Amino acid sequence: MMSGVNAHLLVVEDEPKVATFIKKGLQTQAYTVDVALTGEEGKQLFDSTPYKLVILDVNLPGISGLDLAEYIRSQQSRLPILMLTALDTTADKLLGFEAGADDYLAKPFDFLELLARVKALLRRSTPNEEESQILRAADLELDLHQRVARRRGETIDLTAREFSLLEYLMRNAGRVVSRVDIAEQVWDIGFDTGTNVIDVYISYLRAKIDKDSPVKLIHTLIGMGYVLKEK
């Protein structure tokens, strides 16, 4: 049985040829696919249908892809969002991640790469019931079920990307992880390791996790990577 069976996906893409290309390709993998050509249509479909993943173009008429991503994330904190765009700078990626995107794919793209991203996002979004749903390090707690981070009992507001990065660091607490490790495990395949997006997000996390605490948990090992530990 194909892994896509019973997974209902939403594609919001204003270029009909691209939308049809994506839909037909995903249907060959046994995914059920709805297509919207505008942000408004995408919002209406999202509000009326329970989807497992959304593929969302950034430049849409009416409601922009970024605005729609923010809306989707406000309604469903765990729903995977894969953003598509012809813009591929670090600043553009940061805007997409801040809006709530889980992954980012620049046009033009190969369908097999899109498919790999979709499978990875669906796999990550399906919780393993046997695993603990709460990760802890010192006085930091990450609730995987409620998608909430707390330190000293106080809730910390994290974006979807920040949450994923912190989860990876906490799952590897005490172990040094390189930028390549983070790129592969948090940003998935094909991430451009030549950008400074990872460094920017580490800074974001430090500002939220460590800034007001006497015990710093996120550490940089120059030339090696990052590690989450008490000392």
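Just give me the short version of helix α2 (residues 39–48), but keep the residues and values in it.
For α2, every residue scored as buried is listed here: Gly39, Gly42 and Phe46. One side of α2 carries all its buried residues, which in axial view fall inside an arc of 60°. Where α2 is buried, its residues touch β1 (8–12), β2 (32–36) and α3 (65–75).

Which residues make up the sheet that holds strand β9 (residues 154–156), and what values go with them?
With antiparallel pairing, the four strands of this open sheet are ordered in space as β6-β7-β8-β9. Pairing within the sheet leaves two strands with one partner each, and these edge strands are β6 (134–137) and β9. Across the sheet, the mean angle separating the axes of adjacent strands is 25° when strand polarity is ignored. The pairing of strand β8 (residues 148–151) with β9 spans three bridges and is antiparallel. Each bridged residue has a counterpart across the sheet, and for alanine 149 the counterpart in β9 is isoleucine 156. Here helix α6 (residues 160–171) sits on the sheet and contacts β6, β7 (140–143) and β8; the angle it forms with β7, its principal contact strand, is near 115°.

A description of the environment of isoleucine 55 should follow, citing residues and the corresponding values.
Inspection of the secondary structure puts isoleucine 55 in strand β3 (residues 53–57). Sequence-wise, isoleucine 55 and alanine 69 are 14 residues apart; in three dimensions their C-alpha atoms are separated by 9.9 Å.

I'd like a rundown of the packing of aromatic side chains, residues and numbers included.
Geometry of an aromatic ring pair is reported as the spacing of the ring centres plus the angle between the planes. Inspection of the entire model under this criterion finds six aromatic pairs. Look at phenylalanine 97 and tyrosine 201: their rings are 6.0 Å apart centre to centre, the planes differ by 85°, and that puts the pair in the edge-to-face class. Of the two residues, phenylalanine 97 sits in helix α4 (residues 90–99) while tyrosine 201 sits in helix α8 (residues 197–209), which places them 104 residues apart along the sequence. Connected via pairs of aromatic rings, a cluster forms that spans Phe97, Tyr104, Tyr201 and Tyr204. The ring of tyrosine 71 is capped by lysine 43, whose NZ or CZ atom sits 4.5 Å from the centre of that ring.

Can you explain the pattern of salt bridges? Please cite residues and give values.
Enumeration according to the criterion identifies 15 salt bridges in this entry. For glutamate 167, the salt bridge identified is with arginine 147, shortest N-O distance 4.0 Å. Of the two residues, glutamate 167 is situated in helix α6 and arginine 147 in the loop between β7 and β8; the sequence distance between them amounts to 20 residues. Under the relative-accessibility criterion, glutamate 167 is labelled buried at 17%. Note on arginine 147: relative accessible area 21%, which makes it partly exposed.

Give me the lowdown on the nonpolar core, citing residues and values where you can.
The biggest cluster of nonpolar side chains holds 50 residues, and the ones touching the most others in it are Leu56, Leu166, Ile182 and Leu228. The element contributing the most residues to this core is α8, with seven residues. Apart from residues lying up to four places away in sequence, leucine 166 is in contact with Leu140, Leu142, Ala149, Leu158, Leu205, Ile209 and Leu228. One finds Tyr31, Val33, Leu105 and Leu121 within the second-largest nonpolar core, a separate group that totals 20 residues.

Account for the sheet that holds strand β5 (residues 103–106), with residues named and values stated.
On the basis of which strands lie adjacent, the open sheet formed by five strands has the order β2-β1-β3-β4-β5 and parallel pairing. Two strands in the sheet have a free side with no partner beyond their single neighbour: β2 and β5. Strand-to-strand twist of the sheet, defined as the mean angle between neighbouring strand axes without regard to direction, takes the value 20°. Note that strand β4 (residues 81–85) and β5 share four bridges and pair parallel.

An account of the packing of α3 against α4 is needed here, citing residue identities and associated values.
Where α3 contacts α4, the two axes come as close as 8 Å, and the packing angle between them is 30°. Comparing the axis directions of α3 and α4 gives the class roughly parallel. Judged by residue contacts, Leu66, Ala69, Glu70 and Arg73 of α3 engage Leu95, Gly96 and Ala99 from α4. Of the residues contributing to the contact of α3 with α4, the split by class is four nonpolar, one polar and two charged.

Give me unusual backbone geometry: which residues, what numbers.
Omega for the bond connecting lysine 107 with proline 108 falls within 30 degrees of zero, at -10°, which places this linkage in the cis form. Topologically, proline 108 is positioned in the loop between β5 and α5 (111–125). Within the chain, alanine 30 stands out as a residue other than glycine whose phi angle is a positive 75°. Residue placement: alanine 30 occurs in the loop between α1 (16–27) and β2. A relative accessible area of 28% places alanine 30 in the partly exposed class. The backbone phi angle of alanine 138 is positive, close to 55°, even though this residue is not glycine. Looking at the element boundaries, alanine 138 is found in the loop between β6 and β7. Note on alanine 138: relative accessible area 43%, which makes it partly exposed.

Reading the values: rules and limits
Residues numbered from 1 in each chain as written. Predicted model: local features only at pLDDT ≥ 70, side-chain atom pairs only at ≥ 80, totals over all residues. Heavy atoms only, no water. Buried < 20%, exposed > 50% of the residue type's maximum accessible area, 1.4 Å probe, protein only. Helix = DSSP H or I, 4+ residues; strand = E, 2+ residues; numbered from the N terminus. Arc of directions from axis to C-beta. Contact = heavy atoms within 4.5 Å. Pairing = 2+ DSSP bridges. Axes fitted to C-alpha atoms, helices over the stretch in contact; angles between N-to-C directions. Phe/Tyr/Trp six-rings, centres within 6.5 Å; stacked < 30°, edge-to-face > 60°. Lys NZ or Arg CZ within 6 Å of the ring centre and 35° of its normal. Salt bridge = Lys/Arg side-chain N within 4 Å of Asp/Glu carboxyl O. Core = buried A, V, L, I, M, F, W, Y, C linked by side-chain atoms within 4.5 Å. Parallel < 35°, antiparallel > 145°, perpendicular 65-115°, else oblique. Nonpolar A, V, L, I, M, F, W, Y, C, P; charged D, E, K, R; others polar.

Any functional reading would require information that these geometric values do not contain.
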